[in-house]
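Residue-level listing of the chains:
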Amino acid sequence: MGIYEELKARGLIAQVTDEERIRDLVNNGKATFYIGFDPTADSLHVGHFMALCLMKRLQEAGNKPIALIGGGTAMIGDPSGRTDMRQMMTPETIQHNCDCFKKQMSRFIDFSDGKALMVNNADWLMDLNYIEVLREVGAHFSVNRMLTAECYKQRMEKGLSFLEFNYMIMQAYDFYELFQKYGCNLEFGGDDQWSNMLAGTELIRRKLGKDASAMTITLLLNSEGKKMGKTQSGAVWLDPEKTSPFDFYQYWRNVADADVLKCIRMLTFLPLEEIDKMDSWEGAQLNTAKEILAYELTKLVHGEEEAVKAQEAARALFSKGAAADMPTAELTADDMTDGEIDIMTMLVKAGLVPSKSEARRAVQQGGVAVDGEKVTDIHAAFKAEDMSGEGLVLKKGKKNFRKVIMK
């Protein structure tokens, strides 16, 4: 089985411009391909995870990845999937975010000895002459056709700025530049980028009379059709300072039964034969599958040692020994009333519920425990000394935990 057939079997391929051409390129290690990452934060998140795994798979098959950091496009902002304009960032913030990205990407991609490249589109976009762009690039774009793109259509009612309208042209120009500078013959991206990617292949054809290809990756959606990688508190980050290895592990350990095997197939590097055997798993076996998924992905992002620690902590959540590897909520004297804190306030301060009314419901429904003991009294209170030393293990539901300590 070639790498293209494997990607297909894993459910990773959504749309392609020319299947035979792309199959030949990637199966024979002839692809120099790129994926773009706009540095809108100082960490990559689960939304980028599948792209990074794809780059790793293709590099291992002999192809050359280019990680394109959008230092230039980030000055504009991608309208895809958004109902409003992105916040403008300073060049200094963008550069800081670019530096953070490279460090994280190096866990997935081998940049040594020219095996992969990281380039920043600010290198060519920031020096472009506006009149020259209009004449040399703008002439090849049909406004009528651009407005049929999904990323623009969904913004037309609320308003699409001319600033964002240029994003497709900039992304197409990126491919055009990479094609000429580095022999980049293939672009990958999420399925919501299809229109922008086609614009790039078309610009190369019109300007250079040559063929370039594009392939989109299936979006990581749950069984309800929503993008995965979000929690009540926000994105699931790859930076351990923003999402701890334990919380990262718990996110994947808590995926729905309907999603676990799809995630194992799309995101892990386990052999397909091994995954195929799991297709018949049900009931308690699906919990084993979730542990496998959580462990494999935590190992990929944070290393084997952190994956083992997270798994052991998750398996032994009621023991004090496991508390060291849990996310921690620190309380101060200001959080106490007469040296005590009630269970509802503690749940809110620990970030396990957004409000006291939800905390009340959780307690009354028997979904709260402290150090393994169920708490059903909404007036139950704990003293500062209870949270000294190793602290308390606070649990809401079956899978949400915090170690609570006094600062």
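This is a predicted model, so every value here is computed, not measured.

Peer 1: Teacher, can you tell me more about the overall build of the protein here?
Peer 2: Secondary structure assignment for the protein yields 18 helices and 15 strands. Its C-alpha atoms put the protein at 75 × 45 × 40 Å along the principal axes. Relative to its 407 residues, the protein shows a buried fraction of 50%. Here the contacts in the protein between residues at least 6 apart in sequence split such that 73% fall between residues at least 24 apart. Entry remark: accessible area of the protein is about 19,400 Å², with carbon and sulfur atoms responsible for 47%.

Peer 1: Explain the sheet that holds strand 1 (residues 13-16) to me, please; I cannot follow it from the model alone.
Peer 2: Pairing in this open sheet of 6 strands is mixed, and the strands run 1-6-5-2-3-4 from one edge to the other. Unpaired on one side and paired on the other, strand 1 and strand 4 (117-120) mark the two borders of the sheet. Put simply, the sheet's adjacent strands are angled 25° from each other on average, direction ignored. Both strand 5 (residues 186-190) and strand 6 (residues 213-217) contribute to a ladder of 5 bridges, which runs parallel. What sits directly across from Gly-190, in strand 6, is Ile-217.

Peer 1: When you look at the packing of helix 12 (residues 245-253) against helix 16 (residues 304-315) in this model, what are you seeing that I'm missing?
Peer 2: The geometry of a pair of packed helices is captured by two quantities: the angle between their axes and the separation between those axes. Relative orientation of the contacting elements helix 12 and helix 16 amounts to 65°, with a least axis distance of 9 Å. The angle between the axes of helix 12 and helix 16 places the two elements in the roughly perpendicular class. Note that helix 12 runs across helix 16; the crossing there is right-handed. Along the contact surface, helix 12 presents Pro-245, Phe-246, Tyr-249 and Gln-250, while helix 16 presents Glu-306, Ala-310, Gln-311, Ala-313 and Ala-314. Of the residues contributing to the contact of helix 12 with helix 16, the split by class is 6 nonpolar, 2 polar and 1 charged.

Peer 1: So what exactly am I meant to see when it comes to the sheet that holds strand 9 (residues 328-331) here?
Peer 2: Either a parallel or an antiparallel arrangement is found when strands of a sheet pair, and the pairing is made through backbone hydrogen bonds. Spatial ordering of the open sheet is given by 9-15-14-11-12, a layout of 5 strands whose pairing is mixed. Lying at the two open borders of the sheet, with one neighbouring strand each, are strand 9 and strand 12 (373-374). Pairing of strand 11 (residues 368-370) with strand 14 (residues 392-396), which is carried by 3 bridges, proceeds in the antiparallel orientation. Each residue of the ladder has a partner; that of Ala-369, found in strand 14, is Lys-395.

Peer 1: It is not clear to me how the packing of aromatic side chains should be interpreted in this structure. Could you clarify?
Peer 2: What describes a pair of aromatic rings is the distance from one ring centre to the other and the angle between the planes of the rings. Within this structure, the stated rule accounts for 8 aromatic pairs. Summarising the aromatic geometry, the rings of Phe-248 and Trp-252 are spaced 6.3 Å apart at their centres and angled 65° between planes, so their arrangement reads as edge-to-face. One end of the pair, Phe-248, and the other, Trp-252, are both in helix 12, 4 residues apart, so they sit about a helical turn from each other. Through a chain of ring-to-ring contacts, three or more aromatic side chains come together here, namely Phe-49, Phe-108, Phe-248, Tyr-251 and Trp-252. If you follow Lys-56 out to its NZ or CZ, it ends over the ring of Phe-269, 5.6 Å from the centre. Between the NZ or CZ atom of Lys-102 and the centre of the ring of Phe-111, over which it lies, the distance is 5.5 Å.

Peer 1: What should I look at first to understand the pattern of salt bridges in this one?
Peer 2: When charged atoms on two side chains of opposite charge get close, those side chains can pair. The final tally for this structure, using the stated rule, is 22 salt bridges. For Glu-136, the salt bridge is made with Lys-207, and the minimal N-O distance between the two is 3.0 Å. Taken together, the positions of Glu-136 in helix 6 (residues 130-136) and Lys-207 in helix 11 (residues 194-208) put the pair 71 residues apart, joining distant regions of the chain. With relative accessibility at 38%, the residue Glu-136 sits in the partly exposed group.

Peer 1: Sorry, what's going on with helix 13 (residues 257-267) here?
Peer 2: Residues three or four positions apart in an α-helix share a direction because the helix packs 3.6 residues into each turn. Burial analysis of helix 13 places 8 of its 11 residues in the buried class, the great majority of the element. Asp-259, Val-260, Leu-261, Cys-263, Ile-264, Arg-265, Met-266 and Leu-267 are the residues of helix 13 that are buried. Where helix 13 is buried, its residues contact helix 1 (3-9), helix 3 (46-60), helix 12, helix 14 (272-278) and helix 15 (284-302).

Peer 1: I would appreciate a short explanation of the side chain of Thr-298 in the present structure.
Peer 2: Note on placement: Thr-298 falls in helix 15. Given a relative accessible area of 0%, Thr-298 falls into the buried group. Within the structure, the side chain of Thr-298 is placed 2.6 Å from the backbone oxygen of Ala-294, a separation counted as a polar contact. Here Thr-298 is in contact with Pro-245, Phe-248, Tyr-249, Gly-303, Glu-306 and Ala-307, once residues within four sequence places are set aside.

Peer 1: Looking at this structure, how should I read helix 2 (residues 19-27)?
Peer 2: Along helix 2, the residues that are buried comprise Ile-22, Leu-25 and Val-26. The arc that holds every buried residue of helix 2, seen down its axis, measures 85°, which confines them to one face. Downstream of helix 2 by one or two residues, Gly-29 has phi in the positive range, about 65°.

Peer 1: When you look at unusual backbone geometry in this model, what are you seeing that I'm missing?
Peer 2: Trans peptide bonds make up the majority, and among non-glycine residues the majority have a negative phi. Residues other than glycine seldom take positive phi values, yet Asp-113 does so here, at roughly 50°. Within the element layout of this structure, Asp-113 appears in the loop between helix 4 (91-105) and strand 4. The backbone of Asp-338 shows a phi angle near 55°, a positive value even though the residue is not glycine. Note on Asp-338: relative accessible area 79%, which makes it exposed.

Peer 1: In this structure, what is going on with the pairing of strand 15 (residues 400-406)? I would like to understand it.
Peer 2: Regular strands place their side chains on alternate faces of the sheet. Taken across its 7 residues, strand 15 has 5 buried, putting it largely inside the fold. Two strands pair when backbone bridges link them, and strand 9 and strand 15 are joined in this way by 4 bridges, in the parallel orientation. Looking at the pairing, Glu-330 lines up with Ile-405 of strand 15. Relative to strand 15, strand 14 runs antiparallel, the two being bridged by 5 bridges. Bridge assignment links Lys-396 to a residue of strand 15, and that residue is Asn-400.

Quick notes on the rules
Residues numbered from 1 in each chain as written. Predicted model: local features only at pLDDT ≥ 70, side-chain atom pairs only at ≥ 80, totals over all residues. Heavy atoms only, no water. Helix = DSSP H or I, 4+ residues; strand = E, 2+ residues; numbered from the N terminus. Buried < 20%, exposed > 50% of the residue type's maximum accessible area, 1.4 Å probe, protein only. Contact = heavy atoms within 4.5 Å. Areas by Shrake-Rupley, 256 points an atom, 1.4 Å probe, with all protein chains shown as cover. Pairing = 2+ DSSP bridges. Axes fitted to C-alpha atoms, helices over the stretch in contact; angles between N-to-C directions. Parallel < 35°, antiparallel > 145°, perpendicular 65-115°, else oblique. Left-handed = near helix turned anticlockwise from the far one by under 90°. Nonpolar A, V, L, I, M, F, W, Y, C, P; charged D, E, K, R; others polar. Phe/Tyr/Trp six-rings, centres within 6.5 Å; stacked < 30°, edge-to-face > 60°. Lys NZ or Arg CZ within 6 Å of the ring centre and 35° of its normal. Salt bridge = Lys/Arg side-chain N within 4 Å of Asp/Glu carboxyl O. Polar contact = N/O pair within 3.5 Å; in protein donor to acceptor, adjacent residues only side chain to side chain. Arc of directions from axis to C-beta.

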